[in-house]
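Structure at a glance
The lines below spell out each chain.
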Amino acid sequence: MATTTTDERALADLQREHGPALFHFLLGLTFGDRQRAEDLVQETLVRAWQHPEAFDGPYESMRPWLFTVGRRLAIDARRSRLARPAEVSDAVLESAPAREDTAESAVAALDVRKAVRTLSPEHRAVLVQIYFRGLSVGETAAVLGIPAGTVKSRSYYALRLLSRNLPGYSSRSSSLSSGSSAAASTTAT
């Protein structure tokens with residue numbers, strides 16, 4: 001009667017004799033992943049158990065056969081992993097920076113430029129120094145040759161005019177425009 005699997009004693013001897021060398025060989029093929037190498041050793045020994053004819057081969061040692069089977073299993077496992085898309089957890093997605101909508105920011109920049117052009121040259125000069133060049137009130141006063149109080153006053157009124165000229169960009173713009181329209185309606189009556 002022919003056996004279809006390898007004898008358990010022969011398999012135990014095979015594992016004892018070649019298991020450590022096979023593990024170290026597969027550890028190199030898995031780039032140091034011990035768990036994956038252990039799985040491949042186990043799968044290689046299952047193949048040896050399923051193919052008792054390998055024990056009757058013309059070679060003196062089973063090691064070349066085991067290494068060949070193990071290498072092929074490692075290659076197949078790697079190909080299988082590469083064929084699947086990489087798994088991404090929610091934590092990775094949450095930590096990824098959100099892409100900025102460049103079209104929206106470009107439109108906003110154009111609107112701001114247009115609104116800044118509506119300001120008087122004096123108001124525009126103050127805003128350029130403070131907000132675009134990052135100077136302090138004192139530094140802006142020195143650059144423009146005007147008192148610091150004038151710089152504060154011009155920046156306040158320039159920002160107020162911008163908020164009126166940029167509807168939808170500021171929550172204050174609606175309250176300022178509604179307040180000014182209310183004031184205009186009371187003075188008209």
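Here's what I pulled together on the structure shown here.

How each quantity is defined
Residues numbered from 1 in each chain as written. Predicted model: local features only at pLDDT ≥ 70, side-chain atom pairs only at ≥ 80, totals over all residues. Heavy atoms only, no water. Helix = DSSP H or I, 4+ residues; strand = E, 2+ residues; numbered from the N terminus. Buried < 20%, exposed > 50% of the residue type's maximum accessible area, 1.4 Å probe, protein only. Contact = heavy atoms within 4.5 Å. Areas by Shrake-Rupley, 256 points an atom, 1.4 Å probe, with all protein chains shown as cover. Expected span 1.5 Å × (residues − 1). Arc of directions from axis to C-beta. Polar contact = N/O pair within 3.5 Å; in protein donor to acceptor, adjacent residues only side chain to side chain. Phe/Tyr/Trp six-rings, centres within 6.5 Å; stacked < 30°, edge-to-face > 60°. Salt bridge = Lys/Arg side-chain N within 4 Å of Asp/Glu carboxyl O. Bend = angle between axes of the 7 residues up to and from the residue.

Another point: the overall build of the chain. Each helix and strand counted, the chain has 9 helices and 0 strands in total. The 189 residues of the chain split such that 24% are buried. For the chain, long-range pairs separated by at least 24 residues make up 57% of all intrachain contacts whose partners lie at least 6 apart in sequence. Only carbon and sulfur atoms are counted for the fraction: they give 55% of the accessible area of the chain, which is about 13,500 Å².

Below, the discussion takes up helix α2 (residues 34-50). Taking 1.5 Å per residue as the helical rise, α2 with its 17 residues ought to reach 24 Å, and the 24 Å between its terminal C-alpha atoms agrees with that figure. By the burial criterion, the buried members of α2 are Ala37, Leu40, Val41, Thr44, Leu45 and Ala48. Projected onto a plane normal to the axis of α2, the buried residues spread over an arc of 135 degrees and lie on a single side. The outward face of α2, more than 90 degrees from its buried face, is lined by the exposed residues Gln35 and Gln42. Where α2 is buried, its residues touch α1 (8-29) and α3 (63-83). Backbone nitrogen of Gln35 and a side-chain oxygen of the N-cap are separated by 3.3 Å at the start of α2; the cap is Asp33.

This paragraph deals with the side chain of Gln129. Here Gln129 shows up in helix α6 (residues 121-132). Every residue in contact with Gln129, bar those within four places of it in the chain, is listed here: Gly134, Leu135, Thr140, Val143 and Leu144.

This part covers the packing of aromatic side chains. One pass over the full model with this rule turns up 2 aromatic pairs. On the basis of an interplanar angle of 80 degrees and a centroid distance of 5.0 Å, the ring pair of Tyr156 and Tyr157 is categorised as edge-to-face.

Under the criterion given, the structure shown has 3 salt bridges. Linking Asp13 and Arg16 is a salt bridge whose minimum nitrogen-to-oxygen distance equals 2.6 Å. Linking Asp13 with Arg16, this pair stays in helix α1, spanning 3 residues, or about one helical turn. Accessibility expressed as a relative area gives 36% for Asp13, which makes it partly exposed. Taking the relative accessible area as the measure of exposure, Arg16 reaches 58% and is therefore exposed. The salt bridge partner of Asp33 is Arg36, with a shortest N-O separation of 3.4 Å.

With that settled, the discussion passes to α1. Its 22 residues give α1 an end-to-end C-alpha distance of only 28 Å, which falls more than 12% under 32 Å, the value for a rise of 1.5 Å per residue. At His18, α1 shows its maximal bend, which comes to roughly 55 degrees, and the proline Pro20 appears one to four places after that position. Residues Leu11, Leu14, His18, Gly19, Leu22, Phe23, Leu26 and Leu27 constitute the buried set of α1. In this structure, the buried residues of α1 make contact with α2 and α3. Just beyond α1, the residue with positive phi is Phe31, at close to 60 degrees.

Remember that the coordinates give geometry; whether it matters functionally is a separate question.
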